[in-house]
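# A look at the structure
If you want the building blocks of each chain, they are given just below.
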Amino acid sequence: MALFTKIVLCASGNYLTAGVWSWRKLRAFQVFDHDAPGKAEFARFLQQFPDTNIYLLADAVEEDYRLENLPHTSGAARHALLERKLSQTYRNTAFRAAHFIKHEIKREKDKRKDDRYVFLALNKVEFLSGWLAVIEAQQALLTGVYMLSMLSQVIVQKVIVRNGIVRNMRLIEPHIILSERLNSGLRQTYLHNGNLKISRLAAMPPEAENQRAYFYELETEKTSLYLISQGFINPETPLKMLLPELDDSSKDIRRQIQQEQGIDCERIDLAELASSIRIQPQLLKANPELLHMHLLAIGHVPDNLAPARLVRPHQVQRISLGINFASALIVFIGLMLTAVYVKQAADLSAETRQAALDTELYNQRYADVARDFPATPMVSNDLATAVEINKTIKQYGKAPRRMMQVISHALDVTLEIQLDRLHWLQTNEFDVQDDDKILDYVPSDKSNPPSSFVPDPSVLYEVGFINGQIKMFNGDYRRALESVNHLATLLRADSLVENVEILQSPVNVSSYSALQGSTNDEKSALQSAAMFKLRVILKPEVPVI
Amino acid sequence: MKLTSQDWQKLRYPAVGLGLALILMTLLCTYVESIRDQAQQTLDRQSSQLRQARQKFQTSGQEKYTIVKYLPLYEQLIRDGFIGEEQRIAWIDHLRTIHDQNKLFKINYSIASQEDYQPTFALNAGTFKLKRSVMKLDLAMLHEGDLLVLIEQLHAMEATPFILRDCEIIRFSRTISNSYIPNMQAQCELDWITLREPEQPHA
């Protein structure tokens, strides 16, 4: 599957090594010469792996490294700053990158915080152009172009130290030169505190094979002088040189460098290193760059030097993959939700079926029991309800006997009062108006004592409006008032009475109403009647339901 | 990275796929969820029926007791005319009988057409429909006791129940001690209340 397959290429001056990795294992590799047939063969090779991500390692002499201190920034500002600085530094170089060095600069409290970067670039890319043209022609998915030296840093930083390949090397060993014998030549990479500072590739002429120790010593001297000239070290700085070797053939080289250059040398067991990262050591004998390619393939992807134009197909492919992944995720979540709902619906249906069976069972049991019931036109509760309604209504089916009795008892004592009219109601509306024609209703504020009566709206009360007058009235309003008040007092004293209100007195003496008459009233033969009106409310006889 | 039209061309099918996946999964989930909700509603209904069936069975003893106790009373209410159609002729006969037996002055009556009734007092009517006919009585009286006799004897007939709602008694201004001339006039309104049986569910 292309999704889990990677192609890692390593281009040097004369050839290109292409390896195919899947599931973090090297499956195959092939070397292509830097000529037309080689490129044609490479094109055919790529056709076998469509839609596969391609990582290109550059291993060239024409590499440039510069250390830069920049103000601390982040996000888009950092990106813009680096782009501008790279453009200034490498005006004519498209293949360039800025590698951030972690914890390189310790910030002082009162000073600006700076970040340190190594700027990397390929000054000449003719050795890459041909291969890139093939990749572009195939519309293959180039993820990036990377410096091989960045993987050399990984070897020291992550592989050797972490896996304990060099057991006596401490993490704090500050100055290390990693000398690697590659097919392209001798690559010496200087690392300070584990961070790449510079790397240089020295092409190894065939005649140097017989004088390897001398060649190594010569190149090491050049490297040391360069480091001193660049100020990375001074002549007294203790250096450590690491030499990855499959066998112990570099003993002479180590001895000579130690003697001539005074540099402590140590061999890295390349076979052990290869085994620890699961690549066959014997493959490294003929193609040492496979180690770097393998590191890249298993996830140690360094900073990309390629311009955006070259990696655009890969980025579009990544977006496409992201969209497809989102689609798959949506489908997965949708199907999971669907499964959950279907399961719930099935469970509910099963419960419903069981409930239906239970209902049927209870209905059957009830039918068995109900066979002995007397035949009834309706359900038992309705029978009881009808009887209760009848009872309730009968409770209100009363004559005005109580009201008459209450009034009679009061009138037995107040013989000077004559009753003209009684309007009796059963109601729970207490704002009802009496519409008698005998007396014009005049609101009165007279001597009605404050009442604590709070009517219950769910009960019908017996209410009586009583119209009466003073018998043989001779114009003595004071006495007439006393008589009516006495009558009201007697009514209030009755245990059956809830409330009594004088609606109209024989005379209204309130300052808020008009009063008229004649001083001859008492002497006059034709005297006006002293009429009054009361409202009496009896206590409910029916218990509150 | 700004996408070019060529890039969009490459992303066209994945984008369409994403849209389709979103729409189809939304539709599918909505549909299945509605099926689940329907199943839940069906279960709720069935559970309610089960509770009713269980309760009905558990209270069957009480039900039998209620039927035995109330069925004769209910049948009596039907015979009395409280349930079903009003027995207006019987009521008028009662009124005439009371009038004759007590030698009352003339009683004028009117019965309005029946209407639905909403009582203003507390009454649990259950599933029954309450009906009311407003009756008006107008009678001259020698004495206020005549009204009590009339009303109380109407109740005593054990006919359909009524509520005497409003009664106005006016004394004539002249007072003559003659038993053949009325001294007062009464005007009363009664609510004649009957029940209509609820419609029984078809078996």
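Note that the structure is predicted; figures quoted are calculated from it, not measured. (Residues numbered from 1 in each chain as written. Chains lettered and ligands numbered in written order. Predicted model: local features only at pLDDT ≥ 70, side-chain atom pairs only at ≥ 80, totals over all residues.)

### Re the overall build of chain B
When its secondary structure is counted, chain B shows four helices and five strands. Its helices and strands in sequence order give chain B the pattern α-α-α-β-β-β-α-β-β, from N to C terminus. By residue count, 22% of the 203 residues in chain B fall in the buried class. Contacts in chain B between residues far apart in sequence, at least 24 positions, make up 70% of those at least 6 positions apart. (Helix = DSSP H or I, 4+ residues; strand = E, 2+ residues; numbered from the N terminus. Buried ≥ 20, exposed ≤ 12 C-beta atoms within 10 Å, placed from the backbone. Contact = placed C-beta atoms within 7 Å.)

### A few points about the overall build of chain A
Secondary structure summary: chain A contains 13 helices and 17 strands in total. Within chain A, the fraction of its 545 residues that count as buried is 33%. Excluding contacts between residues fewer than 6 apart, the proportion of contacts in chain A whose partners are at least 24 apart in sequence is 74%.

### Focus: the sheet that holds strand β6 (residues 96-101) of chain A
All names here are of chain A. Sheet architecture is open: three strands sit in the order β5-β7-β6, paired in antiparallel fashion. Edge strands, defined here as strands with exactly one partner in the open sheet, are β5 (63-71) and β6. With strand direction ignored, the average angle separating the axes of adjacent strands in the sheet is 25 degrees. Pairing analysis gives nine bridges linking β5 to strand β7 (residues 114-122), with the strands arranged antiparallel. Residue pairing for β7: Tyr65 is matched across the bridge by Leu120. Of the strands in this sheet, β5, β6 and β7 touch helix α2 (residues 75-89), which is tilted by about 135 degrees from β5. (Pairing = 2+ DSSP bridges. Axes fitted to C-alpha atoms, helices over the stretch in contact; angles between N-to-C directions.)

### Regarding the interface of chain A and chain B
Residue-level contacts link 69 residues of chain A with 73 residues of chain B. For the side of chain A that touches chain B, the element with the highest residue contribution is helix α10 (residues 308-370) of chain A, accounting for 32 residues. Where strand β14 (residues 417-427) of chain A and strand β4 (residues 162-171) of chain B come together, five bridges link them in antiparallel fashion. Within the sheet, the bridge partner assigned to Leu425 of chain A lies in β4 of chain B and is Asp166 of chain B.

### Observations concerning the nonpolar core
In this structure, Leu9, Ala11, Leu56, Leu57, Ala58 and Tyr146 of chain A are the most contacted members of the largest nonpolar core, which totals 76 residues. With six residues, helix α9 (residues 289-297) of chain A is the largest single contributor of residues to this core. When sequence neighbours within four positions are dropped, the list of residues in contact with Tyr146 of chain A reads Tyr55, Leu56, Leu57, Ala58, Leu296, Pro302, Asn304 and Leu305 of chain A. Within the second largest apolar cluster, 63 residues are counted, among which are Ala530 and Met531 of chain A together with Ile83 and Ile193 of chain B. (Core = buried A, V, L, I, M, F, W, Y, C linked by C-beta atoms within 7 Å.)

### As for the sheet that holds strand β11 (residues 195-202) of chain A
Residues and elements named next belong to chain A. Spatially, five strands are ordered β11-β10-β9-β12-β13 in an open sheet, and the strand pairing comes out mixed. Lying at the two open borders of the sheet, with one neighbouring strand each, are β11 and β13 (264-269). Taking the axes of each pair of neighbouring strands and ignoring which way they run, one obtains an average angle of 20 degrees across the sheet. Here helix α5 (residues 212-229) sits on the sheet in contact with β9 (175-182), β10 (185-192), β11 and β12 (240-245), set at roughly 35 degrees to β10.

### With respect to the confidence of the model for chain B
Confidence in the prediction for chain B averages 88 pLDDT; 94% of positions are at 70 or higher. As scored by the predictor, the complex reaches a pTM of 0.59 and an ipTM of 0.76. (pLDDT = per-residue confidence, 0-100.)

### Brief notes about the pairing of strand β4 (residues 53-58) of chain A
Residue and element names in this part refer to chain A. Burial analysis of β4 places five of its six residues in the buried class, which makes it a mostly covered element. As judged from the six bridges shared by strand β1 (residues 5-11) and β4, these two strands associate in the parallel manner. Bridge pairing in β4 places Ile7 opposite Ile54.

### Let's talk about unusual backbone geometry
All names here are of chain A. For Trp23, which is not glycine, the phi dihedral falls at a positive 50 degrees. Assignment of secondary structure puts Trp23 in the loop between β2 (15-22) and β3 (25-33). At Met472, a position not held by glycine, the phi torsion is positive, near 50 degrees. Positionally, Met472 belongs in the loop between β15 (461-470) and α13 (477-493).

### With respect to helix α11 (residues 380-396) of chain A
Along its 17 residues, α11 of chain A runs 25 Å from first to last C-alpha, staying within 8% of the 24 Å computed at 1.5 Å per residue. Of all the residues in α11 of chain A, the buried ones are Ser380, Asp382, Leu383, Thr385, Ala386, Val387, Ile389, Asn390, Ile393 and Tyr396 of chain A. The inward-facing, buried residues of α11 of chain A abut β14 of chain A together with α2 (60-80), β4 and β5 (184-196) of chain B. (Expected span 1.5 Å × (residues − 1).)

### Overview of the packing of helix α12 (residues 401-413) of chain A against α13 of chain A
Residue and element names in this part refer to chain A. α13 packs onto α12 with a crossing angle of 135 degrees between their chain directions and a minimal axis gap of 9 Å. Regarding the angle of α12 to α13, the classification is oblique. Crossing of α12 against α13: the hand is right-handed. Contacts between α12 and α13 involve Val406, Ala410 and Val413 from the former and Leu487, Leu490 and Leu491 from the latter. Taken together, the residues of the contact of α12 with α13 sort by class into six nonpolar, no polar and no charged. (Parallel < 35°, antiparallel > 145°, perpendicular 65-115°, else oblique. Left-handed = near helix turned anticlockwise from the far one by under 90°. Nonpolar A, V, L, I, M, F, W, Y, C, P; charged D, E, K, R; others polar.)

### Observations concerning helix α3 (residues 126-137) of chain A
Residues and elements named next belong to chain A. With 12 residues, α3 ought to run about 16 Å at 1.5 Å a step, and its terminal C-alpha atoms sit 17 Å apart, in line with that. Listed as buried for α3 are Phe127, Leu128, Trp131, Val134 and Ile135. What you see down the axis of α3 is that its buried residues fit within an arc of 125 degrees, all on one side. Counted as exposed and oriented over 90 degrees from the buried face of α3: Glu126, Ser129, Ala133 and Ala137. Each element contacted by the buried residues of α3 is listed here: β1, β2, α1 (36-47), β4 and β8 (141-147). Gln139 lies just past α3 and shows a positive phi near 55 degrees. (Arc of directions from axis to C-beta.)

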